[in-house]
Amino acid sequence: MKGLVEFARSVLTMSFAEFRPPPDALRAYRIGTAEFHTLILFRHDQYQVEYITCSPFPGRVSVVPEHSHPNVNSIDMFVHGQVGPLSGVVHCPYGSKRRIPHGVLHGATVGEAGSAILCFQQWINGIEPTSIALDWRGPDHHEVRAVRLG
Amino acid sequence: MEFDSLPSFARWFLSQPFRALRPPRSLVYFYQTEGGIVISTVLCRHGQYQVELFAGPGPGFFPPHRHPNVDSIEVMLGGDVGFRVGERTVFSEAQLASTASDGASLVTGQRIRVRPTDQHGASVGEAGGAFLSIQRWLNDVEPTSVGLDWDGPAHLAIRGVA
């Protein structure tokens, strides 16, 4: 993951004025009980950073079921909100990170206030980068697609 | 940190590396209007100044409205957002349909001043849209989300936990 770590460090030195979202930058998904909006801020070859926002739902948590991304190594950096494993949520300080290698099962619970993360990605196996939710292996696989929410 | 004007705050924010941001805790908002949906997050706040990132899928339509207590500079990020301010269409269809050599929208980085008296709205194309709203809150109104300082057709849904 050395290349991914270097990419993440490099992106974090960039300002918003330097981000150049590609034409396919924006998508929205419903996964489990969670609603997501994603925005690819910057892409360079097989690397990209996707800003992923989970909608707030006052009075309830959102659950993303256990899944993996077979062709993406990622580092998630928390920007906002309360996020945790499937067992519960904790406040995640700005800048805290977790690494998720390709193929590793993971899930999440998001607190009622919603959340936002920066997801740094390295796409492997020659797969063209799109949105990490489109490289999905998990119980909701067939439901994961760009959708009109609301 | 103190700023003497909205443009100076905008210049400061746009020169900051992402790692320098210190967003307020838990400030994500979801809005649904008759024409579309959009989500926002407050990226940073300093006194009466803040920056909010808006992103939403397309297509969508956001009817004319104004924010009576907010002076703002919108900075285009990506997608297909046909902004209107007053009677003026900010970007032409040709501009919105064109891309730069790196694939980014030709309007990425373009700025639009929206004052508290300005009626404005937007049509969002199939590609969706994203922009930064760099704001100065006026009249001693506490900054929250610009979608809550809203003079226009009522939202169908607002979700957020401050």
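Residues numbered from 1 in each chain as written. Chains lettered and ligands numbered in written order. Predicted model: local features only at pLDDT ≥ 70, side-chain atom pairs only at ≥ 80, totals over all residues.

Here the focus is the overall build of chain A. Of regular secondary structure, chain A possesses one helix and eight strands. Along chain A, helices and strands appear, N-terminal first, in the series α-β-β-β-β-β-β-β-β. Residues counted as buried form 50% of the 150 residues belonging to chain A. In chain A, once contacts between residues fewer than 6 apart in sequence are set aside, the share between residues at least 24 apart is 70%. (Helix = DSSP H or I, 4+ residues; strand = E, 2+ residues; numbered from the N terminus. Buried ≥ 20, exposed ≤ 12 C-beta atoms within 10 Å, placed from the backbone. Contact = placed C-beta atoms within 7 Å.)

Time to look at the pairing of strand E2 (residues 37-46) of chain B. Residue and element names in this part refer to chain B. Extensive coverage of E2 is indicated by the burial of seven of its ten residues. Pairing geometry for strand E1 (residues 28-32) and E2, over five bridges, is antiparallel. By the bridge assignment for E2, Val 28 is matched with Thr 41. When E2 meets strand E3 (residues 49-56), the two strands line up antiparallel, connected through seven bridges. When the sheet's bridge partners are listed, Cys 44 is paired in E3 with Val 51. Following E2, the chain reverses through two residues before pairing antiparallel with E3; Gly 47 in that reversal takes a positive phi of roughly 60°. (Pairing = 2+ DSSP bridges.)

Moving on, we come to the interface of chain A and chain B. Counting residues at the interface gives 37 residues for chain A, matched by 36 residues for chain B. For the side of chain A that touches chain B, the secondary-structure elements that each account for two or more residues are helix H1 (2-12), strand E1 (26-31), strand E2 (34-44), strand E5 (72-84) and strand E8 (106-123) of chain A. By residue class, the composition of the side of chain A that touches chain B is 22 nonpolar, eleven polar and four charged. (Nonpolar A, V, L, I, M, F, W, Y, C, P; charged D, E, K, R; others polar.)

The periodicity of an α-helix, 3.6 residues per turn, causes residues three or four places apart in sequence to face the same way. Residues and elements named next belong to chain B. Considered for burial, the residues of helix H1 (residues 6-15) that qualify are Phe 9, Ala 10 and Phe 13. Viewed along the axis of H1, the buried residues span an arc of 100°, placing them on a single side of the element. Across from the buried face of H1, at angles greater than 90 degrees, the exposed residues are Ser 8 and Ser 15. Contacts from the buried residues of H1 go to E2, E3, strand E5 (70-85) and strand E8 (120-137). (Arc of directions from axis to C-beta.)

This part is about the confidence of the model for chain B. Predicted confidence across chain B gives a mean pLDDT of 93, with 99% of residues reaching 70 or more. Interface confidence for the predicted complex, given as ipTM, is 0.93, next to a pTM of 0.93. (pLDDT = per-residue confidence, 0-100.)

Okay, the confidence of the model for chain A next. For chain A, per-residue confidence averages 88 on the pLDDT scale, and residues scoring 70 or more make up 89% of the total. For the stretch residues 142-150 of chain A, pLDDT sits under 50, and the model shows 18 contacts to residues farther than four places along the chain or on other chains.

We now examine the environment of Pro 93 of chain A. Positionally, Pro 93 of chain A belongs in the loop between strand E6 (90-91) and strand E7 (97-100). As for Pro 93 of chain A and Phe 16 of chain A, which are separated by 77 residues in sequence, their C-alpha atoms are 21 Å apart.

All names here are of chain B. In this chain, Gly 58 is followed by Pro 59 through a cis amide linkage whose omega measures -5°. For Pro 59, the position within the fold is in the loop between E3 and strand E4 (60-65). Although it is not a glycine, Asn 139 adopts a positive phi angle of roughly 60°. Mapped onto the fold, Asn 139 is located in the loop between E8 and strand E9 (157-160).

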